There are 2 protein chains.
Amino acid sequence: MTRQRQIILEELQKDYSHPTASVVYLKVRRRLPHISLGTVYRNLEILSEQGLIKKLELSGTQKRFDGTLSEHYHVRCFKCGRISDVSMETLTALDEKLSEMCDYEIIGHRLEFIGLCPKCKKNKKHAHKTKTTTPISPGNIS
Amino acid sequence: MTRQRQIILEELQKDYSHPTASVVYLKVRRRLPHISLGTVYRNLEILSEQGLIKKLELSGTQKRFDGTLSEHYHVRCFKCGRISDVSMETLTALDEKLSEMCDYEIIGHRLEFIGLCPKCKKNKKHAHKTKTTTPISPGNIS
DNA sequence: CATAAAATGATAATAATAATCATTCTCAAG
DNA sequence: CTTGAGAATGATTATTATTATCATTTTATG
Ligand SMILES: [Mn+2]
Ligand SMILES: [Mn+2]
Ligand SMILES: [Zn+2]
Ligand SMILES: [Zn+2]
């Protein structure tokens, strides 16, 4: 566990926003100004292989990382790209159900909800009053 | 509806393998040898905006396209990357359930099963007999 | 200390997709 | 049938996220 890896892990564990690799890079750079982006990618990969973090393959172009290890689903705001945790029990029954219905050996599933986050809901209502906020393309929040 | 767009649509409608853009390109090129890859991307985008095909944002690095318009889920073989249709009713109740549990306005969800396809199941059993098949990286089947 | 293995930072490479642009096609109006 | 505007094409370049390479540095271990 190098200094770099330790700090990447720490920053991820106190960040509940499911940051992308480049966001992690920006945060880590505040403590290690000379760290390389490649080192961040490399260590995010290693940490997720070791089971210390989770690599999320959600929709959007960029992968996201999660310091919370418990199994849970996510919601994505289709307007701003925010990812939030969902407190819904894991639907293992789905896998069993499908196992009987198809010829694949089912080992799991990936479920992601899509919606409009509270902030974007509010902005939508006052859209005529407030000036159009720069639309953050989902998956490219920096 | 240009000749190119028509043929792209036709090829997709008779292909149940959820091909990637580059696979569509290869197939279409058999009928239009001078078509450009850019034209394929452009038309797949337009056709999906028009609701004539579906653009699938599944896991893996490449987008996939589906000529079947009815709502359905998919299974991905984690070994070979094959995508198959799943005949399970759409779980709209999940969205309503989550709507009451969180502060997002839920508009839908994305569900993808992961498993081992019949062919890979068979290969696994005879792994000691047959020589190791070139592992097709998921998302890069050409 | 020696020294082998692992990790780093800098940089280049890859791969999928999107953008650009001059040329060609389409098709309704005259 | 011409014609001219707008759409679409093929060729090419650009973008973006991620991975690979590699010389140098760090780390762990006897
Ligand atoms: Mn989470
Ligand atoms: Mn399908
Ligand atoms: Zn939002
Ligand atoms: Zn398979």
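Everything numeric here is computed off the predicted structure, so don't read it as measured data.

Participant: What am I meant to see in the protein's contact with DNA strand C here?
Facilitator: With respect to spatial proximity, 14 residues lie near DNA strand C, and among them Thr2, Thr39 and Arg42 of chain A together with Tyr41 and Lys63 of chain B are the closest. For DNA strand C, the backbone portion of the atoms within 4 Å of the protein, that is sugar and phosphate, comes to 80%. In the model, a phosphate oxygen of DNA strand C is placed 2.7 Å from a nitrogen or oxygen of the Thr2 of chain A side chain. Here a phosphate oxygen of DNA strand C sits 2.6 Å away from a polar atom, N or O, in the side chain of Tyr41 of chain B. Within the residue set of the surface near DNA strand C, elements represented by two or more residues are α1 (3-13) and α3 (37-49) of chain A. Broken down by element, the surface near DNA strand C gets its largest block of residues, three residues, from α3 of chain A. In terms of residue class, the surface near DNA strand C is built from two nonpolar, nine polar and three charged.

Participant: Would you mind going over the relation of the copies chain B and chain A with me for this structure?
Facilitator: For the pair of chain copies, the relating operation is a rotation around an axis with a shift along it. When chain B is brought onto chain A, the operation consists of a screw motion whose angular component is 180° and whose axial shift is 0.0 Å, with 0.0 Å RMSD remaining. Expressed as an axis order, the relation between the two copies is that of a two-fold axis. Taking C-alpha positions as reference, the residue of chain B nearest the rotation axis is Leu111 of chain B, located at 2.3 Å. In this assembly, 100% of the residues forming the interface of chain B have copies in chain A that are likewise at the interface, indicating an isologous arrangement.

Parameters at a glance
The residue count restarts for each chain, going from 1 along the sequence in the order it is written. Chain letters start at A and ligand numbers start at 1, both assigned in the order the entries are written. Per-residue local features are limited, in this predicted model, to residues with pLDDT of at least 70; the limit for side-chain atom pairs, both in listing and counting, is 80 or more; totals at the level of whole chains, interfaces and linings are taken over all residues. Side-chain figures throughout are based on the complete set of non-hydrogen atoms in the structure, without hydrogens or water. Here a residue is considered near a molecule or strand provided that any single heavy atom belonging to it is located within 4 Å of it. Pairs of N or O atoms are called polar contacts if they sit within 3.5 Å, as long as, within protein, a hydrogen donor faces a hydrogen acceptor (for residues adjacent in sequence, only side-chain-to-side-chain pairs). Elements are defined by DSSP. Helices are runs of H or I of four residues or more, strands are runs of E of two residues or more, and each kind is numbered from the N terminus. Classification used: nonpolar for Ala, Val, Leu, Ile, Met, Phe, Trp, Tyr, Cys and Pro, charged for Asp, Glu, Lys and Arg, polar for all others including Gly. Copies are brought into register by a least-squares superposition over C-alpha atoms of residues with pLDDT of at least 70 in both. By definition in these notes, contact holds between two residues if any of their heavy atoms fall within 4.5 Å.

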